[in-house]
Amino acid sequence: MDVTLSEHMLLSAAAAERAGAPPHLVAATLLHDMGHFGTDFRADFNTATHDDMSNATTDRRHEEAGAKMFEPFFGPEVTEPIRLHVQGKRYLSTVEPGYVDTLSPQAVHTLGLQGGQMSSEEIKAFKANPYFEAAVAVRRYDEAGTVPKPNGTPDFDHYRPLIENLLKD
């Protein structure tokens, strides 16, 4: 990926916004990789050393960390697509021929750590989840967030009103 994690999240959210996704899906897309900030850094946060997932030997479950991080603030329409976006990658890699060929080397590596392709039972269970379609949509927007746009990308402040409107009371 030629973009930082923050840029990736903004590019992904911009893709969701351009596609006319509802606000809760734009928010989920914007926040989908926040769990990396809690799982991919060494214990000494003062050094801010990031462990590249390309060399990881275990799945750090950033999707679960991110969903848990946001559960006090958002409803399941935001947190469940975050929690399930990795399952979306596993699902698409199973049901769409050539999908894996479109992934970056890092995404292919992490796919293996995250369980690889789904079994028929896993597909059935995933499709029965009420957030299945939202999770697949976030995964699609996730893929769109890997290449910088020449016209620029909105910054985090652009999404502030959208986020504030979705906060729990």
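In this text the structure is predicted, and so the values were computed from the model without any measurement.

J.: Help me understand the side chain of Gln-114 in this model?
T.: Its location among the elements puts Gln-114 in the loop between helix H6 (105–113) and helix H7 (120–128). With relative accessibility at 11%, the residue Gln-114 sits in the buried group. Within the structure, Gln-114 has its side chain in polar contact with the side chain of Lys-89 (distance 2.9 Å).

J.: Help me out: how do you make sense of the pattern of salt bridges in this one?
T.: Pairs may arise between side chains of opposite charge once their charged atoms sit close together. Considering all chains together, one arrives at nine salt bridges under this definition. We note a salt bridge from Glu-71 to Arg-83, for which the minimum N-O separation is 2.5 Å. Linking Glu-71 in the loop between helix H4 (62–70) and helix H5 (76–95) with Arg-83 in helix H5, this pair joins segments that are 12 residues apart in sequence. Take Glu-71: its relative accessible area is 30%, and that puts it in the partly exposed class. For Arg-83, the salt bridge is made with Glu-80, and the minimal N-O distance between the two is 2.3 Å. Note that Arg-83 and Glu-80 are positioned in helix H5 at a spacing of three residues, about one turn of the helix. Judged on exposure class, the residue Arg-83 and its partner Glu-80 are both buried.

J.: So what exactly am I meant to see when it comes to the nonpolar core here?
T.: Tyr-159 and Ile-163 are the most contacted members of the largest nonpolar core, which has 25 residues in total. Among the elements that make up this core, the one with the highest residue count is helix H2 (residues 23–31) (six residues). With residues near it in sequence (within four places) discarded, Tyr-159 still touches Leu-10, Ala-13, Ala-14, Glu-17, Val-26, Leu-30 and Pro-154.

Criteria and thresholds
Residues numbered from 1 in each chain as written. Predicted model: local features only at pLDDT ≥ 70, side-chain atom pairs only at ≥ 80, totals over all residues. Heavy atoms only, no water. Helix = DSSP H or I, 4+ residues; strand = E, 2+ residues; numbered from the N terminus. Buried < 20%, exposed > 50% of the residue type's maximum accessible area, 1.4 Å probe, protein only. Polar contact = N/O pair within 3.5 Å; in protein donor to acceptor, adjacent residues only side chain to side chain. Salt bridge = Lys/Arg side-chain N within 4 Å of Asp/Glu carboxyl O. Core = buried A, V, L, I, M, F, W, Y, C linked by side-chain atoms within 4.5 Å. Contact = heavy atoms within 4.5 Å.

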